[in-house]
Amino acid sequence: MTTPIEISFTETDIDALAGADGKLAIVVTPEGKLDAAARRVNRLTRGAVQRLASSSRWEKAKPGDVVSLAFPAGLSAETLAVVKLPRRPSVEQARKAGAELAKVKGSATLTVAAGALTRAADLAFGLVLRAYEFTDHKTAESEAQAGAVVMVSKPEDVSAAAAPMMAVAEGVFFTRDLVSEPSNVLTTTEFAARLSALSDLGLEIEVLDEAELETLGMRALLAVGQGSESPSKVVVMQWKGGGEEAPLALVGKGVVFDTGGISLKPAGGMEDMTMDMGGAGVVAGVMRSLARRKAKANVVGIVGLVENMPDGRAQRPGDVVRSMKGDTIEVINTDAEGRLVLCDVMWYAQDRFQPAGMVDLATLTGAIIIGLGHENAGVFSNHDGFCESFLKAAASEGEGAWRMPLGAAYDKMLKSAIADMKNVGGRPAGSITAAQFLQRFVRDETPWIHLDIAGVASVKAETDFAPKGATGWGVMALDRLVRDGYETE
Ligand code: BES
Ligand code: MN
Ligand code: ZN
């Protein structure tokens, strides 16, 4: 796994600043106030910091921005990064500053003189998240990324505050690695093996094979995978950190590659479908975070791992399959496969665990990208309170999420002439009819949220906290949801 860069928190050593190697960062307030470290650096650079702080360039910078001075006289460092932050920044500002520093840092060592800045842990979190790089398939010796030293007045306190954040960063990196992997590497079997390895962190892992899925009656899920050489699997990950209470269930779509099946997708852009296991990737990342920070909650993560291929044994448009619930489905379009996988996994999750709430995540529809672009995931729910608590968690972690409607009129669009339902509702409201399909497999008493992450799981341009590619969207929000709503103390 791509490991987060090492951050050490140490006591401020003003005398070490002149000789610090690599990149050196200091913090100056928007009003241009310098702390002790910044004053020392200002003196060493014969007033460069003060000149910057009274320039129009500084005035234009926003809190969390960084202005870099190259090869500053009086310092060993090759770059002096001046961070604009109030003494008491918001979480968002502190994380943003950390992310900006990650870009300045590159693979060099970085020393951050944060002094008495509050939220220095959040700054470190932003730094770690943005320093992600997926280099597993680059054969050139990639330069090992050096760590960062953050000098603060109370290193023990900041270190303790940062520990759970670093656990979450590890979960985010786990998700990003899974989403970044090509599909010849991350087969269903390899995916299940990587999840099985989480047992080292204290998670209970079970891998259900095709024979077991057949016995359970998961014909909808199995039909999707029947044209692939890679066997379909369902992986159950349990974290039992709470008491006797019913768990929160997280369910993920894990289509390791989506060709569309016999309803084959066009060639252009098909390579993006390596990320069609993004929902399962997020579930895996959250489970890893919870285990790493020993969350005091009961959470079960269940993912359906399949590959959607065209083949002599593949399902055909027009086939009718029976779900685990017992309802029959006319498969009009084999490219609407995610819902066929989820309906069986969601039914299994409720049948076996009677969860207190269920969240499913899936790169489910292209239509959600048309509606919300790459800024927000689509949120669908049968329970206002549960939905509100998720939206609040997502907002506080800076992950875009926007609620979409459900309703009987949309559900009607799934009527089939020969089976209980069909798997597509036509082009209008494509994301909503997909959610309606899923809701048919949600029990009335289960509070449920469906997250359509097709637009946010992997993106073509860098975001605040990730380079272009896999984002890990949702790991932070779901970790926050657990922390705020399910932990026992
Ligand atoms: N995996 C796709 C959805 C998708 C599209 C994810 C773009 C990420 C980026 C899904 O399985 C799919 O093919 N959906 C179809 C549904 C249609 C056939 C009803 C779609 O959105 O076109
Ligand atoms: Mn598809
Ligand atoms: Zn798909």
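You'll find the structure just up there.
Read on for an overview of the structure. (Residues numbered from 1 in each chain as written. Chains lettered and ligands numbered in written order. Predicted model: local features only at pLDDT ≥ 70, side-chain atom pairs only at ≥ 80, totals over all residues. Heavy atoms only, no water.)

Moving on to the side chain of Ser230. Positionally, Ser230 belongs in the loop between helix H9 (219-225) and strand E8 (233-240). Its relative accessible area of 14% is what places Ser230 among the buried residues. Not counting the four nearest positions on each side in its chain, Ser230 is found in contact with Thr187, Thr188, Gly225 and Glu307. (Helix = DSSP H or I, 4+ residues; strand = E, 2+ residues; numbered from the N terminus. Buried < 20%, exposed > 50% of the residue type's maximum accessible area, 1.4 Å probe, protein only. Contact = heavy atoms within 4.5 Å.)

For the rest of this paragraph, the subject is the sheet that holds strand E4 (residues 79-84). Ordered by their spatial adjacency, 6 strands build an open sheet running E1-E6-E5-E2-E4-E3, and the pairing between neighbours is mixed. The sheet terminates laterally at strand E1 (7-11) and strand E3 (66-70), the two strands that pair on one side only. Averaged over all adjacent pairs, the angle separating strand axes in this sheet is 20°, with direction ignored. For E1 and strand E6 (residues 148-152), the ladder comprises 5 bridges, and the chain directions are parallel. Across the sheet, Glu11 pairs through a bridge with Val152, a residue of E6. (Pairing = 2+ DSSP bridges. Axes fitted to C-alpha atoms, helices over the stretch in contact; angles between N-to-C directions.)

Further remarks concern the nonpolar core. Side chains of nonpolar character tend, in soluble globular proteins, to be buried together. Counting 92 residues, the largest nonpolar core has Leu101 and Phe390 as the members making the most contacts within it. Sorting elements by how many residues they give to this core places helix H6 (residues 155-180) first, with 11 residues. Each of domain 1 (7-153) and domain 2 (169-485) accounts for three or more of the residues forming this core. Excluding anything up to four places from it in sequence, Leu101 contacts Ala25, Val66, Ala81, Val83, Leu110, Val112, Leu123 and Leu127. Val255, Ile329, Met358 and Leu438 belong to the second largest nonpolar core, which has 41 residues in total. (Core = buried A, V, L, I, M, F, W, Y, C linked by side-chain atoms within 4.5 Å. Domains from an automatic or database assignment.)

One pass over the structure, following the stated rule, counts 32 salt bridges. For Arg288, the salt bridge goes to Glu170, with nearest N and O atoms at 2.9 Å. Pair noted here: Arg288 is in helix H10 (residues 278-292) and Glu170 is in helix H6, with a separation of 118 residues, a long-range link. When its relative accessible area of 15% is taken as the criterion, Arg288 is described as buried. By relative accessible area, Glu170 is classed as buried at 12%. Between Asp384 and Arg403 there is a salt bridge, with its nearest N and O atoms 3.0 Å apart. Within this pair, whereas Asp384 is found in helix H13 (residues 384-396), its partner Arg403 is found in strand E15 (residues 401-403), the two being separated by 19 residues in sequence. Look at Arg403 and you get partly exposed, because its relative accessible area is 30%. In this structure, a network of salt bridges that share partners links the residues Lys62, Asp65, Lys96, Glu100, Lys103, Arg130 and Glu462. (Salt bridge = Lys/Arg side-chain N within 4 Å of Asp/Glu carboxyl O.)

Attention now goes to the coordination of the zinc ion (ligand 3). Coordination of the zinc ion (ligand 3) by the protein is provided by Lys253 (NZ), Asp258 (OD), Asp276 (OD) and Glu337 (OE), with metal-donor distances spanning 2.0 to 2.4 Å. Each of the 6 donor atoms around the zinc ion (ligand 3) contributes to a set of angles spanning 77 to 174°, which defines the coordination as octahedral. If you list the donors of the zinc ion (ligand 3) from N- to C-terminus, the spacing comes out as K-x4-D-x17-D-x60-E. The distance between the zinc ion (ligand 3) and the manganese ion (ligand 2) comes to 3.2 Å, and Asp258 binds to both of them. Here Lys253, found in strand E9 (residues 248-258), pairs with Glu337, found in the loop between strand E12 (328-331) and helix H11 (338-353); they are 84 residues apart in sequence, far enough to count as distant. Residue classification places Lys253 among the buried positions, given a relative accessible area of 2%. (Donors = N, O, S within 2.8 Å, 3.2 Å for Na, K, Ca; no water. Tetrahedral: all angles 85-135°; square planar, octahedral: opposite > 155°, others 65-115°.)

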